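Coordinates in review
One-letter residues, chain by chain:
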Amino acid sequence: MTATKPDYDNLTLICPVDCGNAPKKAQLKELNIAFAKHDIAFIIENMTEDVIWNIVGGKRIQGKERLVEALNQMKNSKITELEISNIITHGYTGSANGIMRLGNNKSYAFCNVYLFNSSAKNAKIKEITSYVIEVS
């Protein structure tokens with residue numbers, strides 16, 4: 001079953017109801033929403049100082065400072081709809097996949113694989129590997 005929130009600060013969110021039934025699932029749901037809304041403060045709060053973001057086929061970003069720079073460069077990409085299909089977590093790892101739809105009528109399928117700094121429910125993310133492809 002999916003739940004749709006029609007206007008999440010001008011972002012339509014489509015997400016399975018069970019995406020928030022565990023602390024890390026809720027964290028990854030909110031993190032993906034923060035990426036879509038360009039909420040850099042929330043993103044940085046959930047990362048380790050030496051975070052690594054591997055964008056497959058693109059670039060590798062290391063450290064919070066460089067992450068902020070990369071996120072600021074992405075601010076012009078207005079995401080109007082975020083559809084999260086699955087969020088899976090276990091121990092030190094997690095993943096989320098779905099589709100982002102932009103205001104320019106482009107859509108991107110994504111899968112992010114996360115590595116946490118511990119298995120605790122309040123763990124921070126120390127590595128993200130992102131797979132992103134344009135879809136019609």
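Residues numbered from 1 in each chain as written. Predicted model: local features only at pLDDT ≥ 70, side-chain atom pairs only at ≥ 80, totals over all residues. Heavy atoms only, no water.

1. A few points about the pattern of salt bridges
Under the counting rule described, the total for this entry stands at 3 salt bridges. Note that E49 and K64 form a salt bridge whose closest N and O atoms lie 3.3 Å from each other. Of this pair, E49 sits in strand β3 (residues 47-55) while K64 is found in helix α3 (residues 64-73), placing the two residues 15 residues apart along the sequence. Residue E83 pairs with R101 through a salt bridge whose shortest N-O separation is 3.2 Å. Here E83, found in strand β5 (residues 79-90), pairs with R101, found in strand β6 (residues 93-102); they are 18 residues apart in sequence, far enough to count as distant. Among the residues examined, E83 registers a relative accessible area of 23% and is labelled partly exposed. Assessed through its relative accessible area of 25%, R101 is described here as partly exposed. Taken together, the salt bridges that share partners define one network made up of E81, E83 and R101. (Salt bridge = Lys/Arg side-chain N within 4 Å of Asp/Glu carboxyl O. Helix = DSSP H or I, 4+ residues; strand = E, 2+ residues; numbered from the N terminus. Buried < 20%, exposed > 50% of the residue type's maximum accessible area, 1.4 Å probe, protein only.)

2. A word on the packing of aromatic side chains
Within this structure, the stated rule accounts for 1 aromatic pair. Over the ring of F116 we find K24; its NZ or CZ atom is 4.4 Å from the centre of that ring. (Phe/Tyr/Trp six-rings, centres within 6.5 Å; stacked < 30°, edge-to-face > 60°. Lys NZ or Arg CZ within 6 Å of the ring centre and 35° of its normal.)

3. Describing the nonpolar core
In globular proteins that are soluble, nonpolar side chains generally tend to be buried together. By size, the foremost hydrophobic cluster in this structure holds 33 residues, and its most contacted members are L31, I43, M47, L67, L82, Y114 and I125. Examining the composition of this core, we find that 6 residues originate from one element, helix α1 (residues 23-37), more than from any other. The contacts of I43, once residues within four sequence positions are left out, are L31, A34, F35, L67 and L71. (Core = buried A, V, L, I, M, F, W, Y, C linked by side-chain atoms within 4.5 Å. Contact = heavy atoms within 4.5 Å.)

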